[in-house]
Amino acid sequence: MKSSVWIVDFGSQYTMLITRKFRELGFTSEIITVEEGLQRIKTTKPKALVLSGGPQSVFEDTTDYSSFFSDENLPVLGICYGMQIMGQFFQGKVEKGVQGEYGLAKLRTVPGFLIPGCPAESDVWMSHSDHVSVLPKDFKLIFQSENGLTAGIKHEYRPVLGLQFHPEVNHTVHGKEILSFFLNNIAGLKQDWSSRTMLETSLEEARAVKGKKVLCAFSGGVDSLVAATLCETVLKDDLYCFFVDNGLLRPQDYHTINLLQEKTNLNIEIIDAKEMFLKALHGQKDPEQKRKTIGKTFIEVFEKKVHEFEASHGIKFEYLLQGTLYPDVIESLSPHQKGGKSVTIKSHHNVGGLPERMHLKLLEPLRYLFKDEVRSMGMELGLQRDWVYRHPFPGPGIGVRVLGELSADSIRKVQESDQILFEELKEHKLYDSTWQAFTVLLPVKTVGVKGDGRAYEEVIALRMVNSQDGMTASVTELPWSFLNKVSSRICNEVKGITRVVYDITSKPPGTIEWE
């Protein structure tokens, strides 16, 4: 998605949140690699430039970034590592940190400086070791951290702002106001993003392939449902949805698929591949290997189905439609793909395309959107709220919710415990109080008592978090009465389980899924 606001990605895991916050404020932006930014700025001038955070140190980076600062009228925002680059270029002093600042910190506004809506002191999210110890030339101090370190600087006469903390992360309480200050007061930009813009941008992707035969790798989740519904409005009967039943689904997923077959215009065909997936995953314990095996098996099943369908119907598919989202893309990119700056957290089976031998091109109309934006689009497309606001479910499904090796019995334990959690969330009217809720089977056994006998059985972990986009998440605080009911039911109704625990880890430092 092309935009005149560039976000140069130095490898921060939060970079996508910058564009997310910009959209909430009504502005489009485009994330580009460092190499692309240095090349493009030679011939094209953006309306504003953002330099993201990153894992590296300015003391190890020999790249010349002077072209980012050569135009005195170009608005530039430097975040974390971006501020350190800025401080170094403008003749300040960056010092190697002895002790870093990580996590929540207190931000203090320097007296005499004011950003509308920001108090004199607030919580922000820090993630750095190096810091600007001497202000660069013609800059003034605007923010300090509670330990006295420089946390924000502003140029005296150029539209340049530097922030050592991450305003894009939700943990920074007034981050949106600070970003708004840059976009509106410093850069002077005009709003150009809305729900209508979002829908039209995605529809353009579908219109570009009108008249072609398109396959949809349909999971029944929010993403694939919205992607398919969006494209069906344009492609009509040229869209074919294949649902691969990998045996790693929950009871509620099967129920939803049946409803969608009955109540939508989508042409959905179910492919039963449960045994094939279980056989392929036999003996595998490593989570990344399981993800790759699930993705590889999915491709094999899909390829076989495509060839059989094409032969029997006398047609040729040209595109594969997938519900890939922005967070999927950023977490799947390798350091090589992103210009050597980022770190892969985990692979996503629906990113990266299909084997060349299938000769299918990818159609991903949602790849620049976040989950809440996709939900909003689904409602605008007329889908039922219960479908659109279903909790996210990962592509590998229960495959990454059984820690260790998968078996029919371990899958059953997660399916049954997850169904109990789902039922109780609905019964207690708490389903919409949490963004995502699920159960995980742990590869440990603990002593328990069932009836009058000793039991030595496995553990189920409950995971419930709130999030806007999946990039950060906080633990959902739910009533003890609810948790007690869920625990009691799981221990009594799920054979082989004697203990239930509750995961209270936020993201970061943890991820939402355990694997």
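In what follows, the structure referred to is the one given above.
Small disclaimer: the values here were computed from a predicted structure and weren't measured.

Some details on the overall build of the chain
- When helices and strands are counted, the chain shows 14 helices and 20 strands.
- A compact globule built from 515 residues would reach a C-alpha radius of gyration of about 24 Å, and the chain, at 25 Å, matches this within 12%.
- Projected onto its principal axes, the C-alpha coordinates of the chain cover approximately 70 × 65 × 40 Å.
- Taken across its 515 residues, the chain has 57% of its residues classed as buried.
- Within the chain, contacts between residues at least 6 apart in sequence are counted, and of these 74% link residues at least 24 apart.
- Carbon and sulfur atoms make up 50% of the accessible area of the chain, which totals about 22,100 Å².
- Here the chain contributes 60 positively and 66 negatively charged side chains, and the mean placements of these two sets differ by 1 Å.

A word on the packing of helix α5 (residues 195-207) against helix α11 (residues 371-380)
- Close contact between α5 and α11 brings their axes to 10 Å; oriented N to C, the two are set at 85 degrees. Taken together, α5 and α11 sit at an angle that is classed as roughly perpendicular. Residues Ser195, Arg196, Met198, Leu199 and Ser202 of α5 form the contact with α11, whose own contacting residues are Glu373, Ser376, Met377 and Glu380.
- Broken down by class, the residue content of the contact of α5 with α11 amounts to three nonpolar, three polar and three charged.

Brief notes about the packing of aromatic side chains
- This structure, assessed with the given rule, holds 18 aromatic pairs.
- Where Tyr240 meets Phe317, the ring centres are 5.3 Å apart and the plane angle is 80 degrees; that geometry is what we call edge-to-face. Taken as a pair, Tyr240 in strand β13 (residues 239-245) and Phe317 in the loop between α9 (287-313) and β15 (319-321) lie far apart in primary sequence, 77 residues in all.
- Seen from their ring centres, Phe422 and Tyr431 are 5.8 Å apart, and the 85 degrees between their planes marks the pair as edge-to-face.
- Given the relative accessible area of 9%, Tyr431 is considered buried.
- Taken together, the ring pairs in this structure connect Tyr240, Phe242, Phe298, Phe302, Phe309 and Phe317 into an aromatic cluster.
- Taking NZ or CZ as reference, Arg250 lies 3.9 Å from the ring centre of Phe393, over its face.
- Directly above the aromatic system of Phe242 lies the positively charged group of Lys305, at a separation of 5.4 Å from the ring centroid.

A look at the sheet that holds strand β12 (residues 214-217)
- Spatially, β14-β13-β12-β15-β16 is the arrangement adopted by the five strands of the open sheet, whose pairing is parallel. In the strand order of this sheet, the two ends are held by β14 (268-272) and β16 (361-363), each with one partner. Ignoring strand direction, the axes of neighbouring strands in this sheet form an average angle of 30 degrees.
- Where β15 and β16 come together, three bridges link them in parallel fashion. Each bridged residue has a counterpart across the sheet, and for Tyr319 the counterpart in β16 is Lys361.
- Most of the contacts of α9 go to β13, to which it runs at about 135 degrees, and overall it touches β12, β13, β14 and β15.

What about the side chain of Thr256?
- Within the element layout of this structure, Thr256 appears in helix α7 (residues 251-263).
- At a separation of 3.0 Å, a polar atom in the side chain of Thr256 contacts the main-chain carbonyl oxygen of Gln252.
- What Thr256 contacts, discounting residues up to four positions off in sequence, is Gly220, Trp387 and Arg390.

Here's the deal with helix α4 (residues 175-186)
- The terminal C-alpha atoms of α4, which comprises 12 residues, lie 15 Å apart, in line with the 16 Å expected from a rise of 1.5 Å per residue.
- Turning to α4, its buried residues are Gly175, Ile178, Leu179, Phe181, Phe182, Leu183 and Ile186.
- Among the structural elements, α1 (15-24), β3 (48-51), β4 (76-79), β9 (139-145), β10 (150-155) and β11 (160-163) are those in contact with the buried residues of α4.
- Positive backbone phi, approximately 65 degrees, marks Gly188, located one or two places after α4.

Remarks on empty space enclosed by the protein
- Within this structure, the stated rule accounts for three cavities of 30 Å³ or more.
- What the second largest cavity holds in volume is close to 50 Å³.
- In terms of lining residues, the second largest cavity is bounded by Arg250, Gln252, His391, Asp418, Phe422, Leu425, Tyr431 and Ala437.
- The element contributing the most residues to the lining of the second largest cavity is helix α13 (residues 408-427), with three residues.

Describing the packing of helix α6 (residues 222-235) against α11
- In the contact formed by α6 and α11, the axes pass within 10 Å of each other and the chain directions differ by 45 degrees. When the interaxial angle is binned, α6 and α11 end up oblique. Of the two elements, α6 crosses α11, and the hand of that crossing is left-handed. For the pair α6 and α11, the contacting residues are Val222, Asp223, Val226 and Leu230 in the first and Lys371, Val374, Arg375, Met377 and Gly378 in the second.

Description of the nonpolar core
- Ranked by size, the top nonpolar core spans 46 residues in total, and within it Leu215, Phe302, Phe482 and Ile490 carry the most contacts.
- Only β12, β13, α9, α13, β17 (436-450), β18 (453-466), α14 (480-493) and β20 (497-503) provide two or more residues apiece to this core.
- Beyond its immediate sequence surroundings of up to four residues, Phe302 is in contact with Leu215, Cys216, Ala217, Phe242, Val244, Leu320 and Met358.
- Grouped together as the second largest cluster of nonpolar side chains are 41 residues, Val5, Phe22, Phe113 and Phe143 included.

About the cut-offs
For every chain, the first residue of the written sequence is number 1, and numbering continues from 1 along that sequence. With the structure being a predicted model, the display of local features is reserved for residues of pLDDT at least 70 and the display and counting of side-chain atom pairs for 80 or more, all residues being used for whole-chain, interface and lining totals. Each side-chain value is derived from all of the structure's non-hydrogen atoms; neither hydrogens nor water enter the calculation. Secondary structure is summarised from DSSP: a helix means a run of H or I of at least four residues, a strand means a run of E of at least two, and numbering begins at the N terminus for each. Radius of gyration: over C-alpha atoms. The globule rule applied is 2.2 Å multiplied by the number of residues raised to the 0.38 power. For the exposure calls, accessible area comes from a 1.4 Å probe over protein chains only, and a residue counts as buried if that area is under 20% of its type's maximum, exposed if over 50%, partly exposed in between. Only heavy atoms matter for contacts: two residues are in contact if any of them lie within 4.5 Å across the pair. Values of accessible area rely on a 1.4 Å probe in the Shrake-Rupley scheme; residue burial ignores everything except the protein chains shown. His is not counted here, nor are the chain ends, while Lys and Arg score as positive and Asp and Glu score as negative. Taken as the charge location is NZ of Lys, CZ of Arg, CG of Asp or CD of Glu. Under this scheme, a helix contributes an axis fitted over its contacting stretch, all axes are lines through C-alpha atoms, and angles between N-to-C directions fall in the 0 to 180 degree range. Just so you know how the angles are binned, under 35 degrees is roughly parallel, over 145 roughly antiparallel, 65 to 115 roughly perpendicular, and the rest oblique. Residue classes follow a fixed rule: Ala, Val, Leu, Ile, Met, Phe, Trp, Tyr, Cys and Pro count as nonpolar, while Asp, Glu, Lys and Arg count as charged, and any other residue, Gly among them, counts as polar. Side-chain rings of Phe, Tyr and Trp (the six-membered ring for Trp) are treated as a pair once their centres are within 6.5 Å; stacked means planes under 30 degrees apart, edge-to-face means over 60, and tilted covers the remaining angles. Counted as over-ring charges are cases with an Arg CZ or a Lys NZ within 6 Å of the ring centre that also lie within 35 degrees of the ring normal. Only strands that DSSP links by at least two bridges are regarded as paired with each other. We define a polar contact as two N or O atoms separated by no more than 3.5 Å, with the added condition that, inside protein, one atom must be a possible hydrogen donor and the other a possible acceptor, whereas residues neighbouring each other in sequence contribute only through side-chain atom pairs. One less than the number of residues in a helix, times 1.5 Å, gives the span that helix is expected to have. Method remark: on a 1 Å grid restricted to protein atoms, a set of points is classed as a cavity if a 1.4 Å probe fits but cannot get out and as a pocket if it is open with protein on both sides within 12 Å along at least five of seven lines; lining residues have an atom within 4 Å of a point. Grid points are joined across faces, edges and corners, and a volume is the space filled by probe spheres set on the points. It is the rotation of the near helix from the far one that decides the hand of a crossing: anticlockwise by less than a right angle makes it left-handed, clockwise makes it right-handed. Take the buried residues of types Ala, Val, Leu, Ile, Met, Phe, Trp, Tyr and Cys, join any two whose side-chain atoms come within 4.5 Å, and each joined set is a nonpolar core.

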